[in-house]
Amino acid sequence: MSDFKVIGKKTDKIDAMALATGQPLFVDDLQLPDTLQIKILYSPYAHAIIEDIDTSEAEKYPGVKMVLTYKNTPHIIHTTAGQGWPEPSPYDTYMFDKKMRFVGDRVAAVAAETEEQAAEALKLIKVKYKVLPAVFDSEEAIKEGAPVIHDEPEITGAYDPKRNLAAHIEIRVGDVEKGFEESDVVVEETFETQYAQHTPIEPHVTLTYLDEYGRLVIRTSTQVPFHVRRIVAQALGIPVQKIRVVKPRIGGGFGTKQEIILEEICSYVTLKTKRPARLLYTREEEFISARTRHPFKVKVKIGAKKDGMLHAIRLYTLSNTGAYGSHGLTVASNAGSKTLPLYNKAENVEFVADIAYTNLPVAGAYRGYGATQSYAALEQAIDMVAEKLGMDPLELRKRNHIRAGETSPIFKALGEGREGVTQYIQSCALDELLEKGAKEIGWFKKHGKERRNGSKVYGIGMSMHMQGSGIPLIDMGAATLKMNEDGSFNLLYGGTDIGTGLDTIAAQIVAETLGIKPEQVIVYASDTDMTPFDVGAYASSGTFVSGGAVLKAALKVRDQILEVAKEKFGEFDTKDFILEDGKVISLKSGKNITLSEIAYDTLYVRNQHQIAATGSFVSPYSPPPFAVHFVEIEVDEETGVIKPIKYVAAVDCGKPINPELVKGQIIGALVNGLSYALTEEYIFSNSGRMLNPNFMDYKIPSTRDIPEIKVILAETYEPTGPYGAKSVAEININGPIPAIGNALYDALKIRLHKSPYTPERVLEAIKNKK
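This is a predicted model, so every value here is computed, not measured.

A. Structural context of the environment of D383. You can see D383 is positioned in helix α10 (residues 371-389). Sequence separation between D383 and V535 is 152 residues, and the spatial gap between their C-alpha atoms is 38 Å.

As structure tokens, then:
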């Protein structure tokens, strides 16, 4: 580890200068002549049937070239979830349908010469609706007699659509009831998390056109280009070979772009008109008709012995998937698989999840992916157990957390929607994280001590977490590497950099393996025609899966280079060869040859061939990163405002390939989580319409809202990851809700059971306490 030349060192992002100077890197930077502009008409009702739709006036409007409805588009049921095939999400979606299932469901689309013409034409579409009873609460939705949201006969993959159940999960280990009976202390609580949106700075946008050979090109802001190609082909009934998907630079994804939402509409318009087509969401559309986080109701029950050892855990999650079941099963699976193994000392465990359809906006993938909601409950319940035992919450966690060399039966039982494999933890620095984080925040000096300044009271809280690195035996990535005359290399890989710096990480992996500089690696990614397959950017798979594929390709190329050097040196073995500073050096003989000389020799002189290789990576393991969070807050008893003062994130992500990028991911996730904990929330009318789809009324933080953040990296070496690395992108969003909730209890002895922790809810809790 100490001999790394590139890994673990500060390396500038390869796209930094281009981004900083405003180069045309994004989807909407490409302006093609004769591009048709598309606008969508949305349902004003949460649940309704279209009895009649008249588009004749809209079709006559100047500039209008096409109006799409369920009458003139393919009626092929599919899922919009960008997941591996066969998708674990139900097939419950059509391009356009007669039935509307939430306020914001698609009724029609207009393609016109300008956006203004398309918007005006939408107003001329006449729709007659038959309004149906709607259900907005997940508990009400699964009761007998509730309005059935999905009654289409073609639906497949849903657990029990007649009961509005998109999915259901039951996992049991040991005897949980007996475990509670044997416990000395039992805590049982219910927590609720809210609707929230990813709010990427770049909303969903797609541009489609036909190339010179008549093939469809989809240039789109996506996390999953290969899934886009497959699902668009399916939804339109055309061959995959007719489609090319290109992902340019992305202005944020966070999960909402692990979805196929706009691409099939643009593609259909282009195929029918033979003209380019563009569809760009407004911010309001992004809120209402893109994707959201699944709201959860979580019931947690924990039993423990007097010595502080957890003995039984029951976790029930009721997930609101909204009008369609995108990611419903797998998000709920994560709520158990990424949380319960953390406390593997509990011998009796039960996890049950129901995923309910409602007539509200569609939930989907969102950073944290179910673990966020589950930890909001679990980590506060752990503090409550500690209080009942009279034990420090840090000590309780220290006694019960999973350790290197250990496993959990939950790993095998929950594999994100299908049975996984038993895996053993091979790297874990939780004890170090607990110790260093506690020291940085001043845990033992401050926790449990009353501190106030007038109406302002201070508290301190913590939480502990694990996540994963890709989906075992499902996620696969591939990379191709080829050598050039000057000793540079072209890296073609399917990995999807959505602003995380994955392309830079890939260049560092190649550079370390081949003894060159990262700037000598020319990275081209995420083009379904030009790059090998990759599942895309989700499940914290970038560095582990895509990076793993890059490493395998680089090792193959390294072997080829060494074989040529062996011939040039006249030596019989390559074990004494090293690659360094763009050269192959024989430690035995002292001979050396540059990579450029090897390239010229193999391309033009002797035994001519292209030094190149493709590597594919899929793993039976998903090594978890670990994190321990500490936060100090100030809460005003008069206003109810919670102000985080200092936040400490102690993280084990294996060997950080690029420490600065790692810290950026940690801080970004923390700010995202702080916002979810304190301010972000959908507000709905009684008819299911979102009332705050804008940044005036839906609050996300600015830079002056961010507290002091201290990141502590505890280096481990994960043997299954590229150069010892594990994931880091998701885990740190999981901490703020429970850590702040625990800090609030430390300050005022009040506990909020519903997020976000708004001033109104704090004041109500203070009032109820008094």
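B. Broad picture of unusual backbone geometry. Residue W85 is joined to P86 through a cis peptide bond whose omega torsion reads -5°. Structurally, the position occupied by P86 is in the loop between β3 (64-68) and β4 (99-100). Residue P756 is reached from S755 by a cis peptide bond, and omega for that bond is 5°. Structurally, P756 can be placed in the loop between α19 (736-748) and α20 (759-769). Even without a glycine there, the phi angle at H327 is positive, about 65°. Among the structural elements, H327 can be located in the loop between β14 (310-322) and α9 (328-337). Overall, the relative accessible area of 0% leaves H327 in the buried class. One non-glycine residue, Y369, lies in positive phi territory at about 50°.

C. Looking closely at the sheet that holds strand β26 (residues 642-652). Pairing is mixed in the open sheet, where five strands are placed in the order β16-β17-β25-β26-β27. Only two strands of the sheet have a single partner each, and these edge strands are β16 (451-453) and β27 (708-713). Each strand of the sheet is rotated relative to its neighbour by a mean of 20°, with strand direction disregarded. In this structure, strand β25 (residues 626-636) lies alongside β26, joined through 10 bridges in antiparallel fashion. Note on β26: the bridge partner recorded for A627 is V651. The strands touched by helix α13 (residues 430-441) are β17 (456-466), β25, β26 and β27; relative to β25, the strand with the most contacts, the crossing angle is about 25°.

D. Here's a closer look at the nonpolar core. One finds I169, I302, L310, F351 and F630 to be the most contacted residues of the largest nonpolar core, which totals 74 residues. It is α10 that contributes the most residues to this core, 10 residues altogether. Setting aside chain neighbours within four positions, we find F630 in contact with L394, L433, L434, G437, A438, I441, W443, G461, M462, K646, Y647 and V648. One finds L36, M66, M95 and V535 within the second-largest nonpolar core, a separate group that totals 53 residues.

E. Geometry of the sheet that holds strand β8 (residues 185-192). If you walk across this open sheet you meet the five strands as β7-β15-β14-β13-β8, and the pairing is mixed. Since the sheet does not close on itself, it has two edges, and those belong to β7 (165-173) and β8, each with one partner. On average, each strand axis in the sheet is inclined to that of its neighbour by 5°, with strand direction left out of account. Against the sheet, α9 engages β7, β13 (296-304), β14 and β15 (348-357), with an angle of about 155° to β15. Across the sheet, α10 lies against β8, β13 and β14, angled at about 150° from β8, the strand it touches most.

Rules used in this analysis
- Residues numbered from 1 in each chain as written.
- Predicted model: local features only at pLDDT ≥ 70, side-chain atom pairs only at ≥ 80, totals over all residues.
- Heavy atoms only, no water.
- Helix = DSSP H or I, 4+ residues; strand = E, 2+ residues; numbered from the N terminus.
- Buried < 20%, exposed > 50% of the residue type's maximum accessible area, 1.4 Å probe, protein only.
- Pairing = 2+ DSSP bridges.
- Axes fitted to C-alpha atoms, helices over the stretch in contact; angles between N-to-C directions.
- Contact = heavy atoms within 4.5 Å.
- Core = buried A, V, L, I, M, F, W, Y, C linked by side-chain atoms within 4.5 Å.

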